[in-house]
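Residues per chain, in single letters:
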Amino acid sequence: MSRALASPSLAVQRGILGAVLLVACWEGAARGLHLPAYVLPAVSDILAGLWSKRATLIDAAGYTLLEALVGYGLGCLIGIGLAVAIALAPALRTAILPLATAINSVPVVGYSPLILLWFGIGVSSKIVMVAMAVSFTILLSMLAGLDRVDRRAVDLMKSFGASRFGVLWRLRLPTALPLLLAGMRVSTVRSVIVAIVTEMLGAHGGLGWVIYQAVLQIDFVQVWAAIFVASAASLAFFGLIGFLERKILFWT
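Given the structure is predicted, the values throughout are model-derived calculations rather than measurements.

Here we come to the overall build of the protein chain. From N to C terminus, the protein chain includes 10 helices and 0 strands. On the principal axes, the C-alpha backbone points of the protein chain span a range of 75 × 55 × 25 Å. Counting only residues that meet the buried cut, the protein chain has 37% of its 252 residues in that class. Nonlocal contacts in the protein chain, meaning residues at least 24 apart in sequence, comprise 73% of its contacts between residues at least 6 apart. Entry remark: accessible area of the protein chain is about 14200 Å², with carbon and sulfur atoms responsible for 73%. Taking the 18 positively charged and 10 negatively charged side chains of the protein chain as two groups, their mean positions are separated by 12 Å.

This is how it looks when you write it as structure tokens:
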């Protein structure tokens, strides 16, 4: 028990130490080599810019997180729903998987002009883009989890009269949970990235819009400040899903 408690604490300490060393090296290189802001601004300058524009950045982060969270939730529902449909009706696999693979063989950003044209430059287009990116990852993770069940256990349950839905609910879904939650954790970062990239192509607000405007104004300190906020938001989202994963899979 003591080892289990000490391990996360040690990992956190190492992570903090690594971050401090990275910041120190970054600051020292930027100051010592007199690097211009467009190459690499000093961390202290970035933090000063972040503080001076904190109201704008907080509003932009809220805008981006709204798009990412709603799109993430929608993508999870779509991915899980399609995987469950395939599990209940295996014949659907040959129709759904090739289509989903074909759609996702093109980078999500490639669909941005069409999505922006169809849904406008508001929040809706970003939600659709995030949902597209997340749903495929969740579909594959869920299917891999559903397929890893022991066939002998399935046959045993069927021999006792369990229906296909009963096998799915009592055996296949619990078996799929670890892979599903791992896919959900990975998709958190992807959802924020897709939301920001889509905002750069057309938006009324958000961190991507702030980054795009800062580049037009040649304010590279502001670009880095927005990147810092985006990274913090992604880490918080990732940490939240990781925390829920540990609570749900308490036996692992």
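This next bit is on the side chain of Ser 187. As for its position among the elements, Ser 187 is in helix H8 (residues 164-201). Those residues within four positions of Ser 187 in sequence are excluded, and the remaining contacts are Tyr 72, Val 134, Thr 137 and Ile 138.

Attention shifts here to the nonpolar core. Of all hydrophobic cores here, the largest spans 51 residues; its most connected members are Leu 57, Tyr 72, Leu 139, Met 142, Leu 146, Met 184 and Leu 207. Breaking this core down by element, the ones donating at least two residues are helix H1 (2-32), helix H2 (43-52), helix H3 (54-88), helix H4 (93-104), helix H6 (123-147), H8, helix H9 (207-216) and helix H10 (220-248). Those residues in contact with Met 142 that lie beyond four places of it in its chain are Ile 80, Ala 83, Val 84, Leu 173, Ala 176 and Leu 180.

Attention now goes to the environment of Arg 164. Mapped onto the elements of the fold, Arg 164 is located in helix H8. Overall, the relative accessible area of 46% leaves Arg 164 in the partly exposed class. Taking the C-alpha atoms as reference, Arg 164 lies 9.4 Å from Ala 89; in sequence the two are 75 residues apart. Setting aside anything within four residues of it in sequence, one finds Arg 164 in contact with Ala 87, Leu 88, Ala 89 and Pro 90.

Our next topic: the UniProt feature "transmembrane region" (unreviewed entry) in the protein chain. UniProt marks residues 68-89, 96-121, 127-146, 192-212 and 224-244 with the feature "transmembrane region" (unreviewed entry), using the numbering shown here. Annotated as residues 127-146, this span is 100% helix and 0% strand, and its ends, taken at the C-alpha atoms, are 27 Å apart. In this annotation, residues 224-244 is assigned 100% helix and 0% strand; the end-to-end C-alpha distance for the span is 30 Å.

Once that is clear, we can look at the confidence of the model for the protein chain. The pLDDT averaged across the protein chain works out to 84; a share of 94% of its residues lies at or above 70. Note that pLDDT drops below 50 for residues 1-6; the model gives that stretch 0 contacts with residues more than four away or on any other chain.

The contact between H4 and H6 brings their axes to 10 Å, and the two run at 140°. Taken together, the axes of H4 and H6 lie oblique to each other. Crossing of H4 against H6: the hand is left-handed. Along the contact surface, H4 presents Arg 93, Ile 96, Leu 97, Ala 100, Thr 101, Ile 103 and Asn 104, while H6 presents Met 132, Phe 136, Leu 139, Leu 140, Leu 143 and Asp 147. Here the residues of the contact of H4 with H6 are counted per class, giving 9 nonpolar, 2 polar and 2 charged.

Thresholds applied
Residues numbered from 1 in each chain as written. Predicted model: local features only at pLDDT ≥ 70, side-chain atom pairs only at ≥ 80, totals over all residues. Heavy atoms only, no water. Helix = DSSP H or I, 4+ residues; strand = E, 2+ residues; numbered from the N terminus. Buried < 20%, exposed > 50% of the residue type's maximum accessible area, 1.4 Å probe, protein only. Contact = heavy atoms within 4.5 Å. Areas by Shrake-Rupley, 256 points an atom, 1.4 Å probe, with all protein chains shown as cover. Lys, Arg positive; Asp, Glu negative; His and termini not counted. Charge placed at Lys NZ, Arg CZ, Asp CG, Glu CD. Core = buried A, V, L, I, M, F, W, Y, C linked by side-chain atoms within 4.5 Å. UniProt positions renumbered as here; feature names shortened; annotations may be inferred. pLDDT = per-residue confidence, 0-100. Axes fitted to C-alpha atoms, helices over the stretch in contact; angles between N-to-C directions. Parallel < 35°, antiparallel > 145°, perpendicular 65-115°, else oblique. Left-handed = near helix turned anticlockwise from the far one by under 90°. Nonpolar A, V, L, I, M, F, W, Y, C, P; charged D, E, K, R; others polar.

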